[in-house]
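Next come the chains, spelled out residue by residue.
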Amino acid sequence: MEGIMRFLMNLVSSLLGIYSLLIIIRIIFTWFGNVQYSRPAQILAQITDPYLNWWRRTFPLRAGFLDLSPLLGMAALSVAQTICSSIARRGKITIGAILAVCLSALWSAASFILGFCFIVLVLRLIAYVTNSNTYSPFWQAIDSISRPLLYRINRIFFGRKIPGYMTSIIVSLAVFAALWLVGGIAVHLLAALFFALPF
């Protein structure tokens, strides 16, 4: 029975990972005008849009013309995948395991968001260094996400002073990298402690 449960949880975890990858590809397709109307993109839309549309209806999050609700959907998939893979590894459930899985699942969602923000800032840094055309829809989407991030981090670290744009991006990247690293270590240690609990 335990072997069947492990197999099923591994299968569900793998399927959730594949579905998450399909959603990421779908989101990337929307950034490029003509690509999203191709036949493969239309098939992908039929697979992923019902799930994404549920999140758009339930939690409408928009930043300018950019729809951020798919991030919540991706975070939920990440949480579910973490829970399934943890159950598959352990083969049984204890209160300590439930606490560890919940903590790991929450961190998985937070880690995804931190990673997404980091990637957005890296793209913005590349555009700044290479003097790219930032008037395209893709770069406008990147700007609509990066501006609030940079503003909040600047307020924390620089107060009312206005740092240079390059300094602002580098400090923000360092903050997200530090949060990801320290958070990952802390969650790993706490999860190991919870799993060691005898009940």
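Residues numbered from 1 in each chain as written. Predicted model: local features only at pLDDT ≥ 70, side-chain atom pairs only at ≥ 80, totals over all residues. Heavy atoms only, no water.

Peer 1: Can you tell me about the packing of aromatic side chains, naming the residues and giving the values?
Peer 2: For the structure shown, the criterion picks out six aromatic pairs. Here the aromatic rings of W54 and W55 are separated by 5.0 Å at their centres, their planes lie at 90°, and the arrangement is edge-to-face. Where Y128 meets Y165, the ring centres are 5.1 Å apart and the plane angle is 50°; that geometry is what we call tilted. Highlighted residues: Y128 in helix α4 (residues 95–130) and Y165 in helix α6 (residues 165–196), separated in sequence by 37 residues. Put simply, the rings of Y19, Y51, W54, W55 and F59 pair up and form one aromatic cluster. (Phe/Tyr/Trp six-rings, centres within 6.5 Å; stacked < 30°, edge-to-face > 60°. Helix = DSSP H or I, 4+ residues; strand = E, 2+ residues; numbered from the N terminus.)

Peer 1: Please set out the confidence of the model for the protein chain residue by residue, giving values where relevant.
Peer 2: Here the protein chain averages 83 in pLDDT, while 93% of its residues score no lower than 70. Of all secondary-structure elements in the protein chain, the lowest mean pLDDT belongs to strand β1 (residues 62–63), at 61, while α6 reaches the highest, 90. (pLDDT = per-residue confidence, 0-100.)

Peer 1: Which residues make up the nonpolar core, and what values do they have?
Peer 2: Grouped together as the largest cluster of nonpolar side chains are 19 residues, with contacts concentrated most on L121, W139, I142, L149, I169, L173 and F176. Every element with two or more residues in this core is listed here: α4, α5 (137–158) and α6. Contacts of L173, omitting those with residues within four sequence positions, involve F118, L121, V122 and L125. Formed by ten residues, the second largest nonpolar core is a distinct cluster that contains M9, L16, Y19 and L52. (Core = buried A, V, L, I, M, F, W, Y, C linked by side-chain atoms within 4.5 Å. Buried < 20%, exposed > 50% of the residue type's maximum accessible area, 1.4 Å probe, protein only. Contact = heavy atoms within 4.5 Å.)

Peer 1: Could you give an account of the pattern of salt bridges, with specific residues and numbers?
Peer 2: Here the structure, examined in full by the defined rule, presents three salt bridges. Measuring nitrogen to oxygen at the nearest pair gives 3.0 Å for the salt bridge that ties R26 to D49. Remark: D49 occurs in helix α2 (residues 39–58) and R26 occurs in helix α1 (residues 2–30); sequence separation between them is 23 residues. Put simply, D143 and R124 hold a salt bridge, and the shortest N to O gap is 2.4 Å. Of this pair, D143 sits in helix α5 while R124 sits in helix α4; the two residues are 19 residues apart in sequence, bridging distant segments of the chain. In terms of burial, D143 and R124 fall into one category: buried. Three or more residues joined by partner-sharing salt bridges are found here, namely R124, D143 and R147. (Salt bridge = Lys/Arg side-chain N within 4 Å of Asp/Glu carboxyl O.)

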